[in-house]
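Results of the structural survey
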Amino acid sequence: MFAVQSEVDRTPTDADPIEQRAISAVKTGDAGAYDYLVSKYMKRVVSIAWGIVRNAHDAEDLAQEAFVKAFQTIVRFKPGEPFGPWIYRIVTNLALDVIKHRQRFRHEEISDSLPATRGDRADLPAVTNELGQRIDAAIESLPEMQRIVARLYLVEHFEHSEIAAMTNLSEGTVRSHLSLARAKLRQRLADLYEGSHD
Amino acid sequence: MTEDKFFEKLREDSAPLRFQPRDSALWTRLPVRIRERIHHQPSVSQMLARWYRPITVSFVALSIVAALSVTWLEHTRESSYAAEAMGSNSVEITVDGNTFNLAE
């Protein structure tokens, strides 16, 4: 009944009547209709979680928790609203909680000045070339919140307002993190980009 | 290259860095896990059982402890009564016509 049409998951609900129907069906107790939403959004949701926690198992668990949480509270979901931003916000918040928990465990604060200390590149796409690896390493070397915001902007292609909604930061703070990240990334990737001219 | 152009170019080059699991079974496993979780939402009776079961177990444990305590107290009290009775009553032993009183 609810066949997944594509993996394009940034279309508003209005542009995807199947999504709208699936949400209505889930609200009226048809849990099976939720499969459509899971199929449509899971890849993006796992990718967002992985980009933050950088661990495939944790990302899978976080995606599962996010979808279950969304299902449990779907009655509060406003009709006509797109499902994507909602599930992205849930998974981002869950992933940020994991990061905070890790930091607390290490008796540190999420810092704007200290570099992030993850290095799990095991699940980078197999086709990732040297350029991709350099970019990934440069993003991962950023301080925690700059890293997360930069990844959401550069890799996941979210806009400032979307990142602000997902991370509970103001749009100004998002822009500030991105500005700082841009300066550092330009410096660290200078050899790759300074030679190219548009 | 301007800052903005650099960042837009970097954004283009970063798009392929999205997560791709080494274990592609994840994409079939995850929906199954989610389906299992949401199709097994606890019913009202299960919710009540979840609350009542530990409370019932606690009450049973308390009852057993109370019963054992009362039994032990009764037993202790009886023992002390017997000792008191022995202490307050004199015991007389007669040997070869001579009577000895142990209480004296």
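If you're wondering where the values come from, they're calculated on a predicted model, not measured in any experiment.

Calculation notes
Residues numbered from 1 in each chain as written. Chains lettered and ligands numbered in written order. Predicted model: local features only at pLDDT ≥ 70, side-chain atom pairs only at ≥ 80, totals over all residues. Helix = DSSP H or I, 4+ residues; strand = E, 2+ residues; numbered from the N terminus. Buried ≥ 20, exposed ≤ 12 C-beta atoms within 10 Å, placed from the backbone. Contact = placed C-beta atoms within 7 Å. Core = buried A, V, L, I, M, F, W, Y, C linked by C-beta atoms within 7 Å. Domains from an automatic or database assignment. Expected span 1.5 Å × (residues − 1). pLDDT = per-residue confidence, 0-100. Pairing = 2+ DSSP bridges. Axes fitted to C-alpha atoms, helices over the stretch in contact; angles between N-to-C directions. Parallel < 35°, antiparallel > 145°, perpendicular 65-115°, else oblique. Left-handed = near helix turned anticlockwise from the far one by under 90°. Nonpolar A, V, L, I, M, F, W, Y, C, P; charged D, E, K, R; others polar.

Scanning chain A for helices and strands turns up 9 helices and 0 strands. Ordered by position from the N terminus, the helices and strands of chain A form the series α-α-α-α-α-α-α-α-α. For chain A, the residues scored as buried account for 36% of the 198 residues in total. A fraction of 65% describes how many contacts in chain A between residues 6 or more apart in sequence connect residues 24 or more apart.

With that settled, the discussion passes to the interface of chain A and chain B. The interface of chain A with chain B comprises 40 residues on the first partner and 27 residues on the second. For the side of chain A that touches chain B, the secondary structure elements donating two or more residues are α2 (34-53), α3 (56-72), α5 (130-140) and α8 (171-188) of chain A. Element by element, the count of residues in the side of chain A that touches chain B is highest for α2 of chain A, at 9 residues.

Residue and element names in this part refer to chain A. Judged by nonpolar contacts, the single largest core of 58 residues is most densely connected at Val45, Ala49, Ala63, Ala66, Ile87, Val91 and Val149. No other element matches α2, which puts 13 residues into this core. Here this core spans two domains, since at least three of its residues come from each of domain 1 (7-110) and domain 2 (112-198). Residues within four places of Val91 in sequence aside, it is in contact with Val45, Ile48, Ala49, Leu62, Ala63 and Ala66.

On to α3 of chain A, then. Compared with the 24 Å implied by 1.5 Å per residue over 17 residues, the 24 Å span of α3 of chain A between its first and last C-alpha is a close match. The complete set of buried residues in α3 of chain A reads Ala59, Glu60, Leu62, Ala63, Gln64, Ala66, Phe67 and Ala70 of chain A. Looking at the packing, one finds that the buried side of α3 of chain A touches α2 and α4 (83-105) of chain A together with α2 (26-39) of chain B.

This part takes up the confidence of the model for chain B. The pLDDT averaged across chain B works out to 83; a share of 87% of its residues lies at or above 70. This prediction of the complex comes with two scores: 0.71 for pTM and 0.78 for ipTM.

In summary, the side chains of a regular strand alternate between the two faces of the sheet. Residues and elements named next belong to chain B. Direction of pairing for strand β1 (residues 92-95) relative to strand β2 (residues 98-101): antiparallel, over a ladder of 4 bridges. If you follow Ile93 over to β2, its bridge partner there is Phe100. Two successive antiparallel strands, β1 and β2, enclose a turn made up of 2 residues, where Asp96 displays a positive phi of approximately 50°.

With that settled, the discussion passes to the packing of α2 of chain A against α4 of chain A. Residues and elements named next belong to chain A. One way to put it is that α2 packs onto α4 with a least axis distance of 9 Å and a crossing angle of 30°. On the basis of their axis angle, the class for α2 and α4 is roughly parallel. Two packed elements cross with a definite hand, and for α2 against α4 that hand is right-handed. Where α2 approaches α4, its residues Leu37, Tyr41, Val45, Ile48, Ala49, Ile52 and Val53 are matched on the opposing element by Phe83, Gly84, Ile87, Tyr88, Val91, Thr92, Ala95, Leu96, Val98 and Ile99. Each residue belonging to the contact of α2 with α4 can be placed in one class, and the counts come to 15 nonpolar, 2 polar and no charged.

Attention now moves to the confidence of the model for chain A. Caution is warranted with low-pLDDT regions, since their predicted coordinates should not be read in detail. Residue and element names in this part refer to chain A. Mean pLDDT over chain A: 84, with 79% of residues reaching 70 or higher. Under a pLDDT of 50 for its full length, residues 3-9 has, in the predicted model, 9 contacts with residues more than four places off or in other chains. Contacts for the low-pLDDT stretch residues 113-117, under 50 throughout, to residues beyond four places or in other chains number 10 contacts.

Looking now at unusual backbone geometry. Residues and elements named next belong to chain A. Of note in this structure, Arg54 is not a glycine but carries a positive phi near 55°. Structurally, Arg54 is set in the loop between α2 and α3. Classification of Arg54 by C-beta neighbours within 10 Å gives buried; the count is 22. Backbone geometry places Asn168, a non-glycine residue, at a positive phi of 60°.

Moving on to the environment of Val26 of chain A. Residue and element names in this part refer to chain A. Summarising the element assignment, Val26 is placed in helix α1 (residues 17-27). Judged by the 24 C-beta atoms lying within 10 Å of it, Val26 falls in the buried class. Taking C-alpha positions, Val26 is 8.0 Å from Phe71, a pair spaced 45 residues apart along the chain. Dropping the residues within four chain positions of it, Val26 is found in contact with Ala31, Ala33, Tyr34, Phe71 and Ile74.

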